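Structural features, examined
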Amino acid sequence: MNVTEKNIDFNVESIRKDFPILRREVNGKPLVYFDNAATSQTPQQVIDVIVDYYSNYNANIHRGVHSLSQEATDAYELARQKIQTHFNAAQPHEIIFTSGTTHGINLVANGFTSLLNEKDELIVSALEHHSNIVPWQMLCERTGAKLHVIPMNQNGDLDLSEYDKLLGPNTKLVFVNHISNALGTINPIKEIINKAHTVGAAVLVDGAQSCPHIKPDVQDLDVDFYVCSAHKICGPTGIGMLYGKEKWLKTLPPYQGGGEMIAEVTFKKTSYADLPHKFEAGTPNVCGGIAFGAALDYMNAIGFDAIANYENELLDYATKLLLEIEGVKIYGTAKKKTSVISFNVGNIHPYDIGTLLDKMGIAVRTGHHCAQPIMDYYQIPGTIRASFMFYNTREEIDYFISSLKKAVLMLS
Ligand SMILES: *Cc1c(COP(=O)(O)O)cnc(C)c1O
């Protein structure tokens with residue numbers, strides 16, 4: 001099927017064949033998976049890598065002299081290099097494997113404990129996921145530092161003139177997402193980073209929602225820390241990465257103590273291992289790391305430009321059809337946004353619509369999307385969120401729209 005003339009080469013039918021889960025039925029209907037902002041699906045190519053690992057070379061890494069351990073170590077370190085190349089980090093040891101975005105943010109927030117005091121100020125945005133709010137609040141509790149918030153407007157854009165006012169000589173850290181998971185807004189992070197650097201503040205960007213759709217260049221952005229989760233980029237759960245500039249990773253103390261992260265241990269004193277191992281205590285998710293690398297290979301083979309073009313078309317198509325339904329209100333109408341649509345229909349509770357859509361085989365998210373401050377801003381308890389990936393189709397959107405109309409009829 002050719003989606004549009006512009007995307008004549010984007011063969012979504014052949015791409016869909018890579019995803020076994022897209023062939024299953026839910027409640028007797030073909031699955032329509034529109035909960036991609038919560039987790040993406042996994043292509044056979046990545047599943048094969050996982051099966052191959054456990055079938056052929058499962059071993060602990062960096063420790064054994066035996067062949068299996070060498071093979072596993074090589075594959076794991078090769079994955080680190082793939083991630084380095086993908087994000088254009090200057091050095092492989094600036095890539096730290098984590099269990100995901102949440103872990104990466106906690107690692108950094110914990111590391112700043114000994115570097116801050118009550119005079120210091122931190123800046124967060126109004127558009128954040130709870131995992132980019134709570135670890136910093138905990139840091140403020142430990143250090144006495146103050147937390148300021150860049151406000152948002154009705155469209156779901158950040159108010160950067162307020163950001164200018166918040167920045168000052170005491171600002172030590174700014175943390176903001178690249179793309180909002182609740183609204184899809186693409187934030188102007190390059191500008192946010194540049195401005196923070198003029199006052200000497202470091203910036204952490206939560207890339208959980210951007211990495212499925214665009215390919216960030218951490219050196220071009222000049223970002224200090226960048227975090228993401230593999231499970232939103234066609235990889236498995238339980239693995240992610242933290243990019244940190246070498247100078248920061250050298251400055252921050254380790255997060256967890258244990259095996260793998262030490263150079264020498266005595267009961268008097270322990271010295272820590274070099275980067276990246278200083279931050280990778282214990283046996284890591286070896287298979288997950290290797291599969292993360294394979295997921296990036298898969299996405300890069302399709303190409304992020306092609307992915308973004310196609311997803312933008314899905315977004316425009318679905319937005320137009322949704323707005324034709326009476327009572328639909330879309331939250332998050334920023335000019336620059338990705339394929340996430342948060343909406344409500346009249347006064348119908350999002351949960352009721354979500355439940356009926358599930359009966360028709362459609363997976364959407366309902367609720368606050370781990371971003372309660374955004375819901376508070378709009379004074380709503382939650383929304384229905386449909387989020388698309390490159391393996392979704394216009395036909396699925398058509399079915400979603402007609403099913404939504406049915407659900408609304410039943411509930412009004
Ligand atoms: C999903 C998400 C997170 C949390 O990711 P985990 O994989 O649960 O750690 C954080 N921020 C944003 C913007 C997200 O979309």
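About the cut-offs
- Residues numbered from 1 in each chain as written.
- Predicted model: local features only at pLDDT ≥ 70, side-chain atom pairs only at ≥ 80, totals over all residues.
- Heavy atoms only, no water.
- UniProt positions renumbered as here; feature names shortened; annotations may be inferred.
- Pairing = 2+ DSSP bridges.
- Helix = DSSP H or I, 4+ residues; strand = E, 2+ residues; numbered from the N terminus.
- Axes fitted to C-alpha atoms, helices over the stretch in contact; angles between N-to-C directions.
- Contact = heavy atoms within 4.5 Å.
- Domains from an automatic or database assignment.
- Buried area = accessible area lost by both parts, 1.4 Å probe.
- Salt bridge = Lys/Arg side-chain N within 4 Å of Asp/Glu carboxyl O.
- Polar contact = N/O pair within 3.5 Å; in protein donor to acceptor, adjacent residues only side chain to side chain.
- Near = heavy atom within 4 Å.
- Areas by Shrake-Rupley, 256 points an atom, 1.4 Å probe, with all protein chains shown as cover.
- Nonpolar A, V, L, I, M, F, W, Y, C, P; charged D, E, K, R; others polar.

The name given to the chain in an unreviewed UniProt entry is Cysteine desulfurase, and the organism recorded there is Winogradskyella pelagia. A UniProt comment under Sequence similarities (unreviewed entry) is attached to the chain, and it reads "Belongs to the class-V pyridoxal-phosphate-dependent aminotransferase family. Csd subfamily."

**Considerations on the sheet that holds strand β4 (residues 95-98)**
If you trace the seven strands from one edge of the open sheet to the other, you get β4-β10-β9-β8-β7-β5-β6, paired in mixed fashion. Whereas interior strands pair on both sides, the edge strands pair on one side only; in this sheet they are β4 and β6 (146-150). On average, adjacent strands in this sheet sit at an angle of 20° to one another, irrespective of strand direction. Here β4 pairs with strand β10 (residues 240-244) via four bridges, running antiparallel. Bridged to T98 within β10 is G240. Of the strands in this sheet, β4, β9 (225-229) and β10 touch helix α3 (residues 67-87), which is tilted by about 120° from β4.

**Considerations on the domain arrangement of the chain**
Assigned domains within the chain: domain 1 (12-43 + 303-411) and domain 2 (49-300). For domain 1 versus domain 2, the separation of C-alpha centres amounts to 28 Å. Taken over both partners, the interface formed by domain 1 and domain 2 buries close to 3,000 Å², and the fraction arising from carbon and sulfur atoms is 57%. It is F304, I374 and Y377 in domain 1 that bury the most area against domain 2; as a group they hold 23% of the surface buried on that side. At the boundary of domain 1 with domain 2, the tally comes to zero salt bridges. One can count 21 residue pairs in polar contact (both at pLDDT 80 or more) joining domain 1 with domain 2. Listed by contribution, the elements that provide at least two residues to the side of domain 1 that touches domain 2 are α11 (304-323), β14 (340-345) and α13 (372-378).

**Here's the deal with the site of the ligand**
Every residue close to the ligand is listed here: T101, T102, H129, S131, N181, D206, A208, Q209, S229, H231 and K232. A distance of 3.5 Å separates an oxygen atom of the ligand from a polar backbone atom of T101. One of the side-chain N or O atoms of T102 is found 2.5 Å from an oxygen atom in the ligand. Surface burial for the ligand is 85%, taken as the share of its 390 Å² of free accessible area covered by protein chains. Considered class by class, the residues forming the shell around the ligand number one nonpolar, eight polar and two charged.

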